[in-house]
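# Analysis of the macromolecular model
Spelled out from the first residue to the last, the chains are:
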Amino acid sequence: MNLRQPLAASTPLEQRLAQTQQAFDSVAADYDGPRGNNELIQRMRDTLWNTVREKMPSGSRLIDLGCGTGIDAIEFARSRFHVTATDWSPRMVERTRARADEAGVASRVDARHLGVQELDRLEGEFDGAYSNFGPLNCAPDLRATATECARLIRPGGTLVFSVIGRICPWEMAHYSLRGRFRRAWVRAARGATAVGMNRHTIWTWYYLPREFYAAFAEHFALEEYRALSLFMPPPYMVDRYRKRPSWYERLGRVDDRVGHLPLLRDMGDHFLIVMHRR
């Protein structure tokens, strides 16, 4: 399995990238289980799946930016898309390859150990790209990532990205009520923010939709964006959801109806943004 060696960190940026890689490597073995996939995550995942299928015809060549364990890539491969699945974690890439083999779709999934900061190493022309659950929040230079997307995506091609937002009312209320005010406002930080996972650190940048789109505006036209998990609680509160699923599903339907409206679409645990190559 021809994976590159882990990053030898020397500069502060390389150290952050190495720490983020190590964090995701540490959870790759079970990230497609409860740690990385539950009812609330799947509900958000379905929204991205439906959007990609709506915006891109079957048979399209897609880039998966931050494929994780390959749940999305395998789903789209089953729908006859051809997916180049990339991830900064070599262990995640291994899991994606194994999942593609198990699902019998390896001919339509090309899994590569490639971070979002390394897209200059990828060649070819693609019909679109998607990214789910915030890999682009870990891009150290989002404008450079946008420029590489423009190089790789054909004119008229589509980007569908799920991005971690800056304003999550559920999170702010949850931690403020427990007196953890610093944690409640962690998304307000500017620049790289250290986020803990499995006793490791993920370096994360948070965005409002307009902040995120600004990095892509030179090459991509904005079609739409909407909130994900605004009235529905964020995925790490799944235990709350499981106590009253029917009640929270009602809140989810409110998300579905109004999550695209001005002001509301700027909030939520994530936002889903759709752009087209100029």
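As a reminder, the structure under discussion sits directly above these lines.
As a starting point, this report considers the structure included with it. The structure presented is a predicted model; accordingly, all values stated were derived computationally and were not measured. Note on numbering: residues in each chain are counted from 1, in written sequence order. In keeping with the model being predicted, local features are shown solely for residues with a pLDDT of at least 70 and side-chain atom pairs are shown and tallied solely at 80 or more, while totals for entire chains, interfaces and linings include all residues. The side-chain values count all of the structure's non-hydrogen atoms but skip hydrogen atoms and water molecules.

What follows covers the packing of aromatic side chains. Paired rings are identified among Phe, Tyr and Trp, the last through its six-membered ring, by centres lying within 6.5 Å, and are further divided according to the angle between planes into stacked (under 30 degrees), edge-to-face (over 60) and tilted (the rest). Throughout the structure, instances matching the rule amount to eleven aromatic pairs. Residues Trp170 and Tyr248 carry aromatic rings whose centres are separated by 6.2 Å and whose planes lie at 55 degrees to one another, so their mutual orientation is tilted. Here Trp170, found in helix H6 (residues 169–176), pairs with Tyr248, found in helix H10 (residues 245–258); they are 78 residues apart in sequence, far enough to count as distant. These aromatic residues form a ring-pair network of at least three members: Phe161, Tyr207, Phe212, Phe216, Phe220 and Phe271. Here, over-ring charges are defined by two tests on the NZ atom of lysine or the CZ atom of arginine: distance to the ring centre within 6 Å, and angle to the ring normal within 35 degrees. When the ring centre of Trp203 is taken as origin, the NZ or CZ atom of Arg16, which lies over that ring, is 4.6 Å away. Positioned above the aromatic ring of Phe126, the side-chain terminus of Arg61 is 4.5 Å from the ring centre. Where helices and strands are cited, they refer to DSSP runs of H or I of at least four residues and of E of at least two residues respectively, numbered from the N terminus.

Whether two strands pair depends on DSSP finding at least two bridges between them. In spatial order, the strands read E3-E2-E1-E4-E5-E9-E8; together these seven strands make up an open sheet with mixed pairing. Looking at which strands have only one partner, the edges of the open sheet turn out to be strand E3 (109–113) and strand E8 (220–228). Mean inter-strand twist for the sheet, computed between neighbouring axes without regard to direction, equals 15 degrees. Residues count as neighbours in contact if any of their non-hydrogen atoms are within 4.5 Å of one another. Every axis corresponds to a line fitted to the C-alpha atoms, with the helix fit spanning only the stretch in contact, and the corresponding angles, defined between N-to-C directions, vary from 0 to 180 degrees. Along the sheet face, helix H4 (residues 90–103) touches strand E2 (82–87) and E3 and points at about 165 degrees away from the line of E3. Sitting on the sheet, helix H5 (residues 142–152) is in contact with strand E1 (61–65), strand E4 (126–131), strand E5 (153–164), E8 and strand E9 (270–277), with an inclination near 145 degrees to E5.

Helix span is expected to be 1.5 Å times the residue number reduced by one. For H10, built from 14 residues, the straight-helix expectation of 20 Å at 1.5 Å per residue is met to within 8% by its first-to-last C-alpha distance of 20 Å. Buried residues of H10: Tyr248, Leu251, Gly252 and Asp255, and no others. For H10, the angular spread of buried residues about the axis comes to 105 degrees, placing them on one side. Where H10 is buried, its residues touch helix H2 (39–55), H6, E8 and helix H9 (238–243). Here the term buried applies to any residue with accessible area under 20% of the maximum for its type, exposed to any over 50%, and partly exposed to those in between, with areas from a 1.4 Å probe on protein chains only. This arc is built from the directions going out from the helix axis to the C-beta atoms.

A separate point is the nonpolar core. Counting 30 residues, the largest nonpolar core has Phe161, Phe212, Phe216, Ile273 and Met275 as its most contacted members. Among the elements of the structure, E1, E4, H5, E5, helix H8 (209–214), E8 and E9 are those that each provide at least two residues to this core. The greatest single-element share of this core, amounting to five residues, is contributed by H5. Excluding anything up to four places from it in sequence, Phe161 contacts Leu65, Ala129, Tyr130, Ser131, Leu136, Phe212, Phe216, Phe271, Leu272, Ile273 and Met275. Only buried Ala, Val, Leu, Ile, Met, Phe, Trp, Tyr and Cys residues count toward a nonpolar core, and they belong to the same one when joined by side-chain atoms within 4.5 Å. Listed in part, the 25 residues of the second largest apolar core include Met44, Ala73, Ile74 and Ala85.

On to the pairing of E1. Strand residues, when the strand is regular, have side chains that alternate between the two faces of the sheet. The buried count for E1 comes to four of five residues, which makes it a mostly enclosed element. In this structure, E1 lies alongside E2, joined through five bridges in parallel fashion. Paired with Arg61 across the bridge in E2 is His82. Looking down the strands as they point away from the viewer, one classifies a crossover as right-handed if the path from the first strand across the helix to the second runs clockwise. At this point the chain moves from E1, through helix H3 (residues 71–78), to the parallel E2, and the crossover so formed is right-handed.

Structurally, Asn38 can be placed in the loop between helix H1 (12–27) and H2. With relative accessibility at 11%, the residue Asn38 sits in the buried group. Taking the C-alpha atoms as reference points, Asn38 and Tyr236, separated by 198 residues in sequence, lie 9.0 Å from one another. When near neighbours in sequence (up to four residues on either side) are disregarded, Asn38 contacts Pro235, Val238 and Arg242. What qualifies as a polar contact is a pair of N or O atoms within 3.5 Å, subject to a donor-acceptor requirement within protein and to the restriction that residues adjacent in sequence count only when both atoms come from side chains. Within the local environment of Asn38, its side chain forms a polar contact with the backbone nitrogen of Leu40, the two atoms lying 2.9 Å apart.

What follows deals with the environment of Pro169. Note that Pro169 resides in helix H6. Spatially, the C-alpha atom of Pro169 lies 7.4 Å from that of Met267, the residues being 98 residues apart in sequence.

Two elements in contact, H2 and H3, have axes whose closest approach is 11 Å; the angle formed by their N-to-C orientations is 35 degrees. As for how H2 packs across H3, the hand of that crossing is right-handed. Residues Arg45, Leu48, Trp49, Val52 and Arg53 of H2 form the contact with H3, whose own contacting residues are Ile71, Asp72, Glu75 and Phe76. Residue composition of the contact of H2 with H3, grouped by class: five nonpolar, no polar and four charged. By definition, any crossing whose near helix is turned counterclockwise from its far helix by less than a right angle is left-handed, and any crossing with a clockwise turn is right-handed. Residue polarity is assigned by list, with Asp, Glu, Lys and Arg as charged and Ala, Val, Leu, Ile, Met, Phe, Trp, Tyr, Cys and Pro as nonpolar; anything else, Gly included, falls into the polar class.

Counted as salt bridges are all cases of a side-chain nitrogen of Lys or Arg within 4 Å of a carboxyl oxygen of Asp or Glu. Under the defined criterion, the tally for this structure stands at 22 salt bridges. A salt bridge links Arg112 to Asp110, with the shortest nitrogen-to-oxygen separation between them at 2.8 Å. Each of the salt bridges in this network shares a partner with another, and the network as a whole consists of Asp32, Arg95, Arg99 and Glu102.

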